[in-house]
Amino acid sequence: LLPESQFNVDLIIQSIRSSSSTPQLQQHSLSLLSVAASVYPVRILHNIMSIFTFMGAYLSHHDDQYSFEVVLLAMDNLLPILMSNDNSGQTSKKSANQVTVTVVEIIRVFSDAVEHIPYHRQLIVFEKLVTMCGVHDYLHVTLSVLIGKLVAKQPHDNQQRNELIPVFCKELSVKFSLATQVTSLHKMIKYISHLPDIMPTTVGSARKVAISETGDIFDVRTHSTKQIRLYKLFIMALIIRILSCDELINKVNFGLNKDQELIFLSLLQVAISYIVTVNTTINPDDLIVKKCYSIVDHVTHLLPMRSYVEVMSQLITPGAQCSIQKKCLDIMCSHLMSSQRQFALSNVTNVLTLLPLLNKLIQSKQLPDGNKVSAISLITVIICRIGSGYHDNITEVIPHLIKAISSKSRSSHIMVSSMKCISEMVKTLGGHFIPHLPHVIPLLLAAMTSQDCSVAVAATEAITIVMETLPKFLSPYISDVVRKGCCCGILTEHATLNTATEKLRAQLATNIPSRLLVPSLVCCYEDVTTEEESILAYLQVLHASVMNMSTNDVSSHSNTFADLFIKLLHYRSSQQEELSEVVEDRIVECFTDLVVKMSENTFRPVFLKVCVGINRPHVICDVEAM
């Protein structure tokens, strides 16, 4: 056997380069290198870059099957030597950003030659290259290096070729298993998340190092800030392209096992972590942030509901990182709210499994208020989507919401979210919510007087919804609702609270039965006469209720109305200050509309009672006996 020191690799490479007119000599030389690689691996390793640089150019000039087989044979013999020798001094655990220098440079050599390799040979060559280097470790490297070519393109470059690179990357990716594809996407996101947003300023132009000397997938020291940003956008665009391709979707549709669900879990986790990171450094409306959300949306829409719920559940457990947990809750809320999927029975069952987990989040003392608000919002969306057929599951949440509202250390944001959730429950559950009214309504009435406008608005809107849905079951609370509705939010400068109380008073007049409303109006008269605005709001409710009553209702309450209007007509004399004409006009208007709804037989005793009551209040009892 020839001694290794006497084997001249440079001479063989030189003969290959100088024999472009004799393909047979080049083929024999490549075959000789392949054999020599098994005999003198270290010596071949030192010349590996010049060999592979030649092979990329060789394929572009010789598109025949024999030449192609020779190149593949050379790859079969040389790449294993590369991997065995290069890994010998490495630790078993490699960072995603510190891949082997030599392998990256070989991938870069083939990437530079991809445009020159015949189109029908490209996938075969790169599939073999990635397979021999190691699919798990180097698929994401290959895709990232190929995308890096788009950043370095010159204005005079062929635009069509540049557009073909992402297509080729997608076609290369789908050649491998679903787990391999998703793992590579995970590593690509993780890699760009570690890249800086701007070119490091500590490295001057004199210290810029060529990519071939560093082995980096994308060397930020040799690219401008604009190019770094473009590279991130191109990588995310490729990820979206792969996630939306039919081949990957078909693989997911066959079903996911536990291992594949864990891979998607890691993909979502790293994507959401990146969103949390970029949200703190750049404008939330930036294109990079939008691309990040698009990736998460594609993953969530790709997964079946069962897998989606199981994956996301692991990201929102009480022990999860708070920032990721909150972002996941917000994403799930948005996804379920905008989802066009029909919630079949199996889907509803899967979604209902989230409720116990969300209950734990609401009760957690260590969880930030923002996370609790997001958890309550997600419960609200779930209730809205699944409907009233699962009231047993939904009602389990009510005690936790009541505790959140009544807690002394309660946050206004948690209170508002809890009251909005209760409003949605009332609309969804209907009569199933009746047993909980004695616990909920007093809390809402107390919250109506809150100094926090958002809390007062939420409480007012919640009571309004209860009156719309369950008007006949509020008899113990009607007087308080009238009192609060006429006195709260009257003098406030907040338009939202004014609008909410206007709706509340409208619902009082139109939805509450007259047998409940009229006695309540009489009962709380004294409480609403302290302010002119309060009495005007009271008269608004009275007038609207009269207009909505039937003739029979007016007749049955004629005596009560007579007593009430005697008090109203005495209102001027009870005020020390001059009475506003608006109040007096409103009283007259209410009485006039009431009279119009009375028959002659009903009107006569009411008229006599009112007249006597105004002039001689002490003889009202005699009139009642007439």
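Residues numbered from 1 in each chain as written. Predicted model: local features only at pLDDT ≥ 70, side-chain atom pairs only at ≥ 80, totals over all residues. Heavy atoms only, no water.

Asks: Pulling in residues and values, what's your account of the overall build of the chain?
Replies: Regarding its fold elements, the chain presents 35 helices and zero strands. Out of the 626 residues belonging to the chain, those deemed buried represent 51%. Sequence-distant contacts, at least 24 apart, represent 75% of the contacts inside the chain between residues at least 6 apart. Here the chain displays about 29200 Å² of accessible surface, and carbon together with sulfur accounts for 53% of that area. (Helix = DSSP H or I, 4+ residues; strand = E, 2+ residues; numbered from the N terminus. Buried < 20%, exposed > 50% of the residue type's maximum accessible area, 1.4 Å probe, protein only. Contact = heavy atoms within 4.5 Å. Areas by Shrake-Rupley, 256 points an atom, 1.4 Å probe, with all protein chains shown as cover.)

Asks: So, the nonpolar core: which residues are in play, and what are the values?
Replies: Counting 187 residues, the largest nonpolar core has Tyr231, Phe264, Leu358, Met425, Phe433, Tyr538 and Leu568 as the members making the most contacts within it. It is helix H14 (residues 258-281) that contributes the most residues to this core, 11 residues altogether. Those residues in contact with Met425, other than ones at most four positions away along the chain, are Ile383, Ile394, Val397, Ile398, Leu401, Gly430 and Phe433. The next biggest cluster of nonpolar side chains, apart from the first, holds 11 residues, and it includes Phe7, Ala36, Ala37 and Ile44. (Core = buried A, V, L, I, M, F, W, Y, C linked by side-chain atoms within 4.5 Å.)

Asks: Hey, could you go over the packing of aromatic side chains for me, with residue numbers and the actual values?
Replies: Under the criterion given, the structure shown has five aromatic pairs. Here the aromatic rings of Phe603 and Phe607 are separated by 5.4 Å at their centres, their planes lie at 35°, and the arrangement is tilted. Of this pair, Phe603 and Phe607 both sit in helix H34 (residues 600-615), four residues apart, which is roughly one turn of that helix. Judged by relative accessible area, Phe603 falls into the partly exposed class, the value being 27%. Of the residues examined, Phe607 reaches a relative accessible area of 39% and is grouped as partly exposed. (Phe/Tyr/Trp six-rings, centres within 6.5 Å; stacked < 30°, edge-to-face > 60°.)

Asks: Please provide a residue-by-residue account of the packing of H14 against helix H16 (residues 305-315), values included.
Replies: It is at 9 Å that the axes of H14 and H16 come closest, and there the two elements cross at 55°. As the angle between them shows, H14 and H16 are arranged oblique. Crossing geometry of H14 relative to H16 is assigned as right-handed. Along the contact surface, H14 presents Lys258, Glu261, Leu262, Phe264, Leu265, Leu268, Gln269 and Ile272, while H16 presents Arg306, Ser307, Glu310, Val311, Met312, Gln314 and Leu315. (Axes fitted to C-alpha atoms, helices over the stretch in contact; angles between N-to-C directions. Parallel < 35°, antiparallel > 145°, perpendicular 65-115°, else oblique. Left-handed = near helix turned anticlockwise from the far one by under 90°.)

Asks: Help me get a handle on the confidence of the model for the chain, residues and values and all.
Replies: When pLDDT is averaged across the chain, the result is 80; 81% of the residues are at 70 or more. This model gives residues 88-99 a pLDDT under 50, and the stretch forms 13 contacts once residues within four places in sequence are excluded. The model gives residues 203-215 a pLDDT under 50, and that stretch makes 25 contacts with residues more than four places away or in other chains. (pLDDT = per-residue confidence, 0-100.)

Asks: Mind laying out helix H28 (residues 514-523), listing which residues take part and the relevant values?
Replies: Taken together, the buried positions of H28 are occupied by Ser514, Leu516, Leu517, Val518, Ser520 and Leu521. Of the surrounding secondary structure, the elements contacted by the buried residues of H28 are helix H26 (478-487), helix H27 (495-511), helix H29 (532-548), helix H30 (551-556) and helix H31 (558-569).

Asks: Mind laying out the environment of Asn552, listing which residues take part and the relevant values?
Replies: Turning to its location among the elements, Asn552 is positioned in helix H30. Sequence separation between Asn552 and Lys597 is 45 residues; the distance between their C-alpha atoms is 9.1 Å.

Asks: Could you give me a rundown of the environment of Pro356, with the residues and numbers involved?
Replies: Secondary-structure assignment places Pro356 in helix H19 (residues 354-363). Exposure remark for Pro356: the relative accessible area of 43% places this residue in the partly exposed category. Each C-alpha atom of the pair Pro356 and Asn393 lies 9.0 Å from the other, and the pair is 37 residues apart in sequence.

Asks: How would you summarise the pattern of salt bridges if you had to cite specific residues and measurements?
Replies: Scanning all chains against the criterion turns up 12 salt bridges. Close ionic contact of Asp330 with Lys326 constitutes a salt bridge, the shortest N to O distance being 3.0 Å. In this pair, Asp330 and Lys326 are both assigned in helix H17 (residues 322-338), four residues apart and thus about one turn of the helix distant. For Lys609, the salt bridge goes to Asp563, with nearest N and O atoms at 2.9 Å. On the criterion of sequence distance, the pair formed by Lys609 in helix H34 and Asp563 in helix H31 is long-range, its members being 46 residues apart. According to the relative accessible area criterion, Lys609 is buried, its value standing at 4%. (Salt bridge = Lys/Arg side-chain N within 4 Å of Asp/Glu carboxyl O.)

Asks: Lay out the packing of H14 against helix H15 (residues 287-302) with the relevant residues and their values.
Replies: Where H14 contacts H15, the two axes come as close as 10 Å, and the packing angle between them is 160°. The orientation of H14 with respect to H15, classified from their angle, is roughly antiparallel. At the point where H14 passes H15, the crossing takes the left-handed sense. Along the contact surface, H14 presents Phe264, Leu267, Leu268, Ala271, Ile272, Tyr274, Ile275, Val278 and Asn279, while H15 presents Ile288, Val289, Cys292, Tyr293, Ile295, Val296, Val299, Thr300 and Leu302. The residue makeup of the contact of H14 with H15, split by class, is 16 nonpolar, two polar and no charged. (Nonpolar A, V, L, I, M, F, W, Y, C, P; charged D, E, K, R; others polar.)

Asks: Outline the environment of Val130, listing residues and values.
Replies: In this structure, Val130 sits in helix H7 (residues 119-133). It is 9.5 Å that separates the C-alpha atoms of Val130 and His140, two residues lying 10 residues apart in sequence. Filtering out sequence-adjacent residues up to four positions away, Val130 remains in contact with Val135, Tyr138, Leu139, Thr142, Leu172 and Phe176.

Asks: So what about helix H12 (residues 225-243)? Which residues, and what values?
Replies: When the terminal C-alpha atoms of H12 are compared, their 27 Å separation across 19 residues agrees well with the 27 Å that a helix rising 1.5 Å per residue should span. When H12 is considered as a whole, its buried residues turn out to be Ile228, Tyr231, Lys232, Leu233, Ile235, Met236, Leu238, Ile239, Ile240, Ile242 and Leu243. (Expected span 1.5 Å × (residues − 1).)

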